[in-house]
Amino acid sequence: MSLRHPFVIRYIPVIMLLLLFSCGDAYHDQQLLHEAGMLSDSLPADALRKLQAVSNSRNFTRPDQAKYGLLLTRTMLMTGNRPPSDSLVSLAIAHYREANDSIALFDALYTKAMFFFSTSAYDSALHYFAAAENVIPPEVSHNKRIRVQRMSGYANLYLGRTKAAVKNYRTVLGLLDGETNAKAKVYVLLDLAQAYKYDHAIEEALNLCREALALAGKNHAPDQQSLVLSRLSDLCAGWNDFKEALQYKKQEHALRVNREEIPTRNLSQAMLFDKQNQPDSARYYLELALQGKDHVVADIAYGFLCDWYEKQGLHDKAFGSLRKKQETTRHLESNIRMTALERRYESERLKNENNRLKIEQKEKDILLLVVLLIVFSVSVSLFFVFWRQKKNRQALRLQTKTRELEHQNVLLKQQQEISALREKEALLRESLFRRIHFFHRIPSLHIDEENAGEQHETLPDTGSNKIRMKETDWAELTRSVNEVYPGFIEQLKTQYPSLTDDDLYFCCFVKMRVNLQDLSDIYCITKSAVTKRKYRLKTDKFKITEKHIDLDTFLQDQ
């Protein structure tokens, strides 16, 4: 079917409307996907909102669908939201395998491993961590391999596979050789110490923590030193070495300058003094812990004080501590409910924000649709007007052609009638002229007009060809001309009174179509003299000045 077919032309505006509407949505979704990709690492919550605002991900090309599935799953994991399934990231893995894109394939496999890690499916997580490590190109830095090994160590610890976890962390330490990775090495040493702790190798764990403490001091990192000292204190307390645990705790508190951490620090010291059977020191630090604004610490401290007062027989103070503990507990429960309400509010706010963005997008789509409908209506109207004009032009051309054909038919019939009349006139004229007595003496009257000129050219111009006219012949000439052309002579006399009889006779011969040769024979003059006489009659008698009109034509029209 041709594009110029009326059926195709009629639906071109509809097709354009649908294409423009679908292209508008597709472009908006494409823009959202691009912006989410830019924000996924730095602002995952904003990236997630943009991904959730995508109206129809099925309109994406396959590479964009893979990118969308990977980003959506990753941002949900990073913001603490649990993805409904791993189907989207599985589609991304299949696409990146076909495209042989190892970098993107690593991200997809690592994200799927983290999905299983978040759902406590640690065996599946280990499987995909190993698959992700296998696709890392050799030229890529060790950062990706370090991430995989550390997360594999955590998964093995959750599964109780301490030996495998130790192996993972030893591998990470081997990858972190060099001064530039000294800070990261501290955290890996702590992870390895934790693995040895779960394997009940407390001495190895303590040695690793001391090594981490020395490295943190070398790095001049107080935060790391404080974290290592806390781990050392916990390990010593777990090994019932409370004295050394207390020393490490004091060192930790000396490093921490954050006032919000003071209540927690005092509470931990009170608990260590209590385990060393030093109740007075324990009560002193418990009272210090109560001076802070940490309600959790206060709740625990009031519980310890209540027990201590009860052991000392101070029941009224024990009752007061219990009441304060209950008040603190209610306050904590209120804070928990408030926190839950705040989270719910934030969730609803995010939903409302998403809905607002969707409504704005729908308003834009509706505005675009209205504009397109207006364009469509105008296009249809213009198309209808042009179509009607085209039809009218076609009808007008058809009518004009029909009239031309009818006119040509009339002209043809008239020409046929004129030809028939001329034939009849010629036959009638010849029959009348045959009655003339001198008819046979004038060759041009009884020789065919087509051959008359040729036969006269063959006749010699001699005196023996002269045609003698009598008086009776002139009278018979005028009578015959009046019979054939009624009123011809009278009309000439009336309109041109200066004509003599000889002029009238000459005009009769011309009207009868007597040729130059016969006229020269009749008047005994040359052909050139006959021609000059015709010219003088035309100009002097008939006053004809037009060069294109000769005497023969003029008289034939009379």
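Residues numbered from 1 in each chain as written. Predicted model: local features only at pLDDT ≥ 70, side-chain atom pairs only at ≥ 80, totals over all residues. Heavy atoms only, no water.

J.: Help me understand the overall build of the protein in this model?
T.: Helix and strand content of the protein: 25 helices and zero strands. By residue count, 36% of the 558 residues in the protein fall in the buried class. Partitioning the intrachain contacts of the protein with sequence separation of at least 6 by distance along the chain shows that 55% fall at a separation of at least 24. When the accessible surface of the protein is totalled, it reaches about 34300 Å², and 55% of it is carbon and sulfur. (Helix = DSSP H or I, 4+ residues; strand = E, 2+ residues; numbered from the N terminus. Buried < 20%, exposed > 50% of the residue type's maximum accessible area, 1.4 Å probe, protein only. Contact = heavy atoms within 4.5 Å. Areas by Shrake-Rupley, 256 points an atom, 1.4 Å probe, with all protein chains shown as cover.)

J.: Help me understand the pattern of salt bridges, please; the structure alone is not making it clear to me.
T.: Working definition: two side chains of opposite charge can pair if their charged atoms are close together. Inspection of the entire model under this criterion finds 20 salt bridges. A salt bridge links Glu-346 to Arg-349, with the nearest nitrogen and oxygen atoms 2.4 Å apart. One end of the pair is Glu-346 and the other is Arg-349, both in helix α17 (residues 315–433) and three residues apart, which spans about a single turn. For Glu-346, a relative accessible area of 32% puts it in the partly exposed group. By relative accessible area, Arg-349 is classed as partly exposed at 35%. Arg-356 is the salt-bridge partner of Glu-353, the closest N and O atoms lying 2.4 Å from each other. Here the residue Glu-353 and the residue Arg-356 both occupy positions in helix α17, the gap between them amounting to three residues, near one helical turn. Judged by relative accessible area, which is 25%, Glu-353 ranks as partly exposed. Take Arg-356: its relative accessible area is 37%, and that puts it in the partly exposed class. Among the charged side chains, a salt-bridge network with shared partners connects Asp-502, Asp-503, Arg-533 and Lys-541. (Salt bridge = Lys/Arg side-chain N within 4 Å of Asp/Glu carboxyl O.)

J.: Which parts of the structure should I look at to understand the environment of Asp-540?
T.: Looking at the element boundaries, Asp-540 is found in helix α24 (residues 527–541). For the pair Asp-540 and Ser-498, spaced 42 residues apart in the sequence, the C-alpha separation amounts to 9.5 Å.

J.: What's the story with the confidence of the model for the protein in this structure? I'm lost.
T.: Any region with low pLDDT has predicted coordinates that should not be read closely. Per-chain confidence: the protein averages 80 in pLDDT, with 87% of residues scoring 70 or above. Averaged over each element, pLDDT in the protein is lowest for helix α19 (residues 449–458) (43) and highest for α24 (92). Confidence drops under pLDDT 50 across residues 1–5; counting only partners more than four residues distant or on other chains, this segment forms six contacts. Low pLDDT, under 50, characterises residues 448–464; the predicted model gives this stretch twelve contacts beyond four residues in sequence or across chains. (pLDDT = per-residue confidence, 0-100.)

J.: Would you explain a nonpolar patch on the surface in this entry?
T.: On the surface, a cluster of nonpolar side chains totalling about 830 Å² of accessible area is made up of Ile-366, Val-370, Ile-374, Val-378, Leu-382, Phe-384, Val-385, Phe-386 and Trp-387. Locating Trp-387 in the fold gives a position in helix α17. Residue classification places Trp-387 among the partly exposed residues on the basis of a relative accessible area of 38%. (Patch = residues over 30% accessible without salt bridge, like charges linked within 9 Å, V, L, I, M, F, W, Y side chains within 5 Å.)

J.: Explanation requested: a positive patch on the surface in the structure shown.
T.: Residues Lys-390, Lys-391, Arg-393 and Arg-397 make up a contiguous surface patch of positive charge. Here Lys-391 shows up in helix α17. Here Lys-391 falls in the partly exposed class, since its relative accessible area comes to 40%. (Lys, Arg positive; Asp, Glu negative; His and termini not counted. Charge placed at Lys NZ, Arg CZ, Asp CG, Glu CD.)

J.: Where do I start with the packing of helix α11 (residues 202–219) against helix α12 (residues 222–238) in this structure?
T.: Describing two packed helices takes the angle between their axes plus the distance from one axis to the other. Two elements in contact, α11 and α12, have axes whose closest approach is 9 Å; the angle formed by their N-to-C orientations is 160°. Compared by their axis directions, α11 and α12 come out roughly antiparallel. The element α11 and its partner α12 pack so that their crossing is left-handed. Seen from α11, the contacting residues are Ala-205, Leu-206, Cys-209, Arg-210, Ala-212, Leu-213, Ala-216, Gly-217 and Asn-219; seen from α12, they are Gln-224, Gln-225, Val-228, Leu-229, Arg-231, Leu-232, Leu-235 and Cys-236. Per-class residue counts for the contact of α11 with α12 are eleven nonpolar, four polar and two charged. (Axes fitted to C-alpha atoms, helices over the stretch in contact; angles between N-to-C directions. Parallel < 35°, antiparallel > 145°, perpendicular 65-115°, else oblique. Left-handed = near helix turned anticlockwise from the far one by under 90°. Nonpolar A, V, L, I, M, F, W, Y, C, P; charged D, E, K, R; others polar.)

J.: Where do I start with the packing of aromatic side chains in this structure?
T.: To describe a pair of aromatic rings, you give the distance between the ring centres and the angle between the ring planes. Per the counting criterion, the structure on display carries 18 aromatic pairs. Aromatic pair Phe-384 and Trp-387: ring centres 6.2 Å apart, planes at 35°, arrangement tilted. With Phe-384 and Trp-387 both in helix α17 and three residues apart, this pair spans about one turn of that helix. Centroid distance Tyr-496 to Phe-542: 4.6 Å. Interplanar angle 80°. Geometry classified as edge-to-face. Of the two residues, Tyr-496 is situated in the loop between α21 (488–495) and α22 (501–511) and Phe-542 in the loop between α24 and α25 (551–556); the sequence distance between them amounts to 46 residues. (Phe/Tyr/Trp six-rings, centres within 6.5 Å; stacked < 30°, edge-to-face > 60°.)

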